[in-house]
Amino acid sequence: MSTNTAKSATYHNFIDGSWVPSVSGALFENRNPADTEDLIGVFQRSTAEDVARAVGAARSAYERWRLVPAPKRAELLFRAAQLLADRKESLARDMTREMGKVLDETRGDVQEAIDMTFFMAGEGRRQYGQTVPSELRDKFAMSIRQPVGVAAVITPWNFPMAIPSWKIIPALVCGNTVVFKPATLTPLSALNFVRILEEAGIPPGVVNLVTGGGADVVNALLVSDAVRVVSFTGSTDVGRTVSGQASPSFKKVHLEMGGKNVILIMDDANLELAVEGCLWGGFGTSGQRCTAASRVVVHEKVYKPFLEQFVARAKALRVGDGLDSQTQMGPSVSQGQLETVMKYVEIGRAEGARLECGGHALTSGALARGYFHEPTIFGDVAPSMRIAQEEIFGPVVSVIQCKSFDEAVEIGNGVQYGLSASIYTQDLNRAFAAMRDMYTGIFYVNAPTIGAEVHLPFGGTKATGNGHREAGTAALDVFSEWKSIYVDFSGRLQRAQIDTTDL
Ligand code: NAD
């Protein structure tokens, strides 16, 4: 897998069951965002030629893998799930070092992968089709799921093991083979995941890993005719590019993209609970969850007490290295992400929002070696401001005042995205009305916008998604195609249309 075991190990691509260097000979470094002096490793900067080899391996492995009975494919996945569970702690530690979120969160990330792998392995014995009565005598009518072919899996850095598992494991249980292109910022977690699949006995060529720059690797995957399904999670801009490049060859494309999620707080809300929800919804993973609550819409009757308590709690958050058990919020993932956060703080000030707390990068002592930023809250935010409309992906929360439930829902829906929303209220009628009227893929009552369970569908509406869902049995719909089958056992030519004489 690597040329040495030292701190600066060089890691390889995984193609056709072997760990191999890129034909380019080019490499890139990955560093700890909490301490940039800590080199995680050196990874392959792959080219179109590496992608062509990986796709070729996946294409030929597909002809064997699709014929392995699904319960047998699942047996390998059960083994992988157990290996993930056995190694949870070291996988979580690697992940925290690699992308900064605190250990409790990286343990949760690995747990998602464990849960998804066990859940999807169970689907090896289900993948139900339909059996329906035929229109004709002595004829059997049914539908079955078929694999699609080679799947390109393209993932972001914020859930470096959970998101790959949401895609790769359902792809495999359905009988597809995979070429996996992880985010450039989290290649080690991707590699750890693939290594576990290898150890579980997934045959050569069934899963291939190609690391490297987004445009170089992904473009080569998208123009390949052999790739039949693409599952992408990342920003809306890149998703749009992916969608455009995949369409000429009519690939099936699943997109999960950006968000601007919202918590609605009504005048009858349990404020203590709401503050707690906004704290973890807003600042968990340093605001870098796709489901992060970057907007809070608060009824005017409770706006002041809510804001006071929320600001007090945010100021008290302990920011630092996620490997330290005392730390509550880690760094931004990269210099670029930190700069985006700082840029939006300036935009918020210029737009006339009130900076209630935070607003600065943290650069004293050991923090100077990482990409740290204060938890930041803007009050008196107008719904049309850029900080209330655009995805920042950092520890910045915009608090907006509203006069009524209806206005809260209107503000909540008034963005281009539609991933997650939540309401804090004691009123059952309002809770159900908001559940119905918020146009998002995920909705919570008296809980923050974060925290999905693997057996329910996950995904968003509008500029967040393109109508597919991952997780739950919905994921099977991405990675399989329906085939309808008619078996005529009458032994004679039957008319295709039923008529009265044939009854
Ligand atoms: P990104 O769009 O920059 O990158 C996603 C993937 O695409 C990476 O593998 C990257 O290398 C690749 N890529 C980058 N530029 C490319 C290009 N020009 N052409 C082809 N591929 C390219 O996203 P990110 O910064 O890794 O992740 C953060 C984004 O992901 C946020 O917008 C967040 O909301 C979103 N996200 C969404 C969900 C969801 O389920 N909706 C979940 C997690 C993250």
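Now for a description of the structure that goes with this document.

### Some remarks on the pattern of salt bridges
The full count for this structure, using the stated rule, is 25 salt bridges. The closest approach of N and O atoms between E89 and R93, which form a salt bridge, is 3.5 Å. Taken together, the residues E89 and R93, both in helix α3 (residues 88-99) and 4 residues apart, mark about one turn of the helix. A residue is classified by how much of its surface remains accessible, and R93, at 38% relative accessible area, is partly exposed. Among the salt bridges present, the one from R107 reaches E89, with a minimum N-O distance of 2.8 Å. Placement of R107 in helix α4 (residues 103-123) and of E89 in helix α3 is noted, with a sequence separation of 18 residues between them. Ionic contacts of the salt-bridge type, sharing partners, join the residues E89, R93, D104 and R107 into one network.

### Things to note about helix α8 (residues 236-246)
Of all the residues in α8, the buried ones are T236, G239, V242 and A246. Buried positions in α8, seen along its axis, are confined to an arc of 115 degrees and lie on one side of it. Residues of α8 that are exposed and angled more than 90 degrees away from the buried face: D237 and R240.

### Here's the deal with the site of the ligand
The environment of the ligand is made up of 28 residues, and the closest members are T155, K181, S235, M257 and E391. Contact distances for the ligand include 2.6 Å between an oxygen atom and a side-chain N or O atom of K181. Contact distances for the ligand include 2.5 Å between an oxygen atom and a side-chain N or O atom of E391. Here the ligand has 850 Å² of accessible area as a free molecule, and 86% of this is covered by the chains. Using a 2 Å cut-off from the grid points, one finds that the ligand occupies the largest pocket. In terms of residues, the shell around the ligand owes the most to one element, helix α7 (residues 214-223), which gives 3 residues. Here the residues of the shell around the ligand sort into 15 nonpolar, 10 polar and 3 charged.

### Thoughts on the nonpolar core
In this structure, I168, L172, V178, I202 and V207 are the most contacted members of the largest nonpolar core, which totals 71 residues. Beyond its immediate stretch of four places on either side in the chain, L172 contacts W65, R73, L77, V178, I202, V206 and V207. Formed by 30 residues, the second largest nonpolar core is a distinct cluster that contains I265, A274, A293 and V298.

### Description of the sheet that holds strand β21 (residues 442-445)
Across the sheet, 7 strands lie side by side as β14-β17-β18-β13-β12-β20-β21; this open sheet has mixed pairing. Edge positions in the open sheet fall to β14 (354-357) and β21, since each of these has one partner strand only. Along the sheet, successive strands turn relative to each other by an average axial angle of 20 degrees, direction set aside. Of the strand pairs in this sheet, strand β12 (residues 261-265) and strand β20 (residues 420-424) are connected by 4 bridges, and their pairing is parallel. Paired with L264 across the bridge in β20 is I423.

### Some words on the pairing of β20
Every other side chain in a regular strand lies on the same face of the sheet, so the side chains alternate between the two faces. Taking burial as the measure, the 5 residues of β20 include 5 buried ones, the bulk of the element. Because side chains alternate across β20, one face comprises the buried residues S420, S422 and Y424, and the other comprises A421 and I423, equally buried. One ladder, built from 4 bridges, connects β20 with β21; its direction is parallel. Of the residues in β21, the one forming a bridge with S422 is Y444. For the crossover that starts at β20, traverses helix α14 (residues 428-437) and ends in the parallel β21, the hand is right-handed.

### Quick look at the packing of helix α9 (residues 271-283) against helix α10 (residues 303-315)
Between α9 and α10, the shortest axis-to-axis distance is 10 Å and the interhelical angle comes to 45 degrees. In terms of orientation, α9 and α10 fall into the oblique class. Seen from above, α9 lies across α10 with right-handed handedness. Seen from α9, the contacting residues are L271, E272, A274, V275, E276, C278, L279 and F283; seen from α10, they are P305, F306, Q309, F310, R313 and A314.

### Quick word on the environment of A74
Counting through the fold element by element, A74 comes out in helix α2 (residues 70-86). Overall, the relative accessible area of 2% leaves A74 in the buried class. Measuring from C-alpha to C-alpha, the distance between A74 and T473 comes to 15 Å, with 399 residues separating the pair along the chain. What A74 contacts, discounting residues up to four positions off in sequence, is A121, G124 and V173.

### Details of the layout of surface pockets
Left-over empty space is what a probe sized like a water molecule reveals as it rolls over the atoms. Here the largest pocket is characterised by a volume of approximately 910 Å³. Lining of the largest pocket is provided by 41 residues; of these, P156, W157, G234, S235 and V238 occupy positions nearest its centre. Top contributing element to the lining of the largest pocket by residue count: α8, with 6 residues. Looking at the lining of the largest pocket residue by residue, the classes come out as 20 nonpolar, 16 polar and 5 charged. The space that makes up the second largest pocket amounts to roughly 260 Å³. At 4 residues, the largest contribution of residues to the lining of the second largest pocket is made by α4.

### Here's the deal with the sheet that holds strand β5 (residues 130-133)
Strands belonging to one sheet form pairs held by backbone hydrogen bonds; the direction of such a pair is parallel or antiparallel. Strands sit in the order β5-β6-β23 across an open sheet of 3 strands; the sheet is antiparallel. In this open sheet, the two edge strands, each paired with only one partner strand, are β5 and β23 (480-488). Geometrically, the sheet is characterised by an average inter-axis angle of 20 degrees between neighbouring strands, direction not taken into account. Bridge analysis of strand β6 (residues 139-147) against β23 gives 9 bridges, and the strand direction is antiparallel. The partner of A141 across the bridge, within β23, is Y486.

What counts and how
- Residues numbered from 1 in each chain as written.
- Predicted model: local features only at pLDDT ≥ 70, side-chain atom pairs only at ≥ 80, totals over all residues.
- Heavy atoms only, no water.
- Salt bridge = Lys/Arg side-chain N within 4 Å of Asp/Glu carboxyl O.
- Helix = DSSP H or I, 4+ residues; strand = E, 2+ residues; numbered from the N terminus.
- Buried < 20%, exposed > 50% of the residue type's maximum accessible area, 1.4 Å probe, protein only.
- Arc of directions from axis to C-beta.
- Near = heavy atom within 4 Å.
- Polar contact = N/O pair within 3.5 Å; in protein donor to acceptor, adjacent residues only side chain to side chain.
- Areas by Shrake-Rupley, 256 points an atom, 1.4 Å probe, with all protein chains shown as cover.
- 1 Å grid on protein atoms, 1.4 Å probe; cavity = no way out; pocket = protein on both sides within 12 Å on 5 of 7 lines; lining within 4 Å.
- Sits in = over half its atoms within 2 Å of the grid points.
- Nonpolar A, V, L, I, M, F, W, Y, C, P; charged D, E, K, R; others polar.
- Core = buried A, V, L, I, M, F, W, Y, C linked by side-chain atoms within 4.5 Å.
- Contact = heavy atoms within 4.5 Å.
- Pairing = 2+ DSSP bridges.
- Axes fitted to C-alpha atoms, helices over the stretch in contact; angles between N-to-C directions.
- Right-handed = clockwise from strand over helix to strand, strands pointing away.
- Parallel < 35°, antiparallel > 145°, perpendicular 65-115°, else oblique.
- Left-handed = near helix turned anticlockwise from the far one by under 90°.
- Points joined across faces, edges and corners; volume = space filled by probe spheres on them.

Remember, this is a structural readout, not a statement about activity or role.
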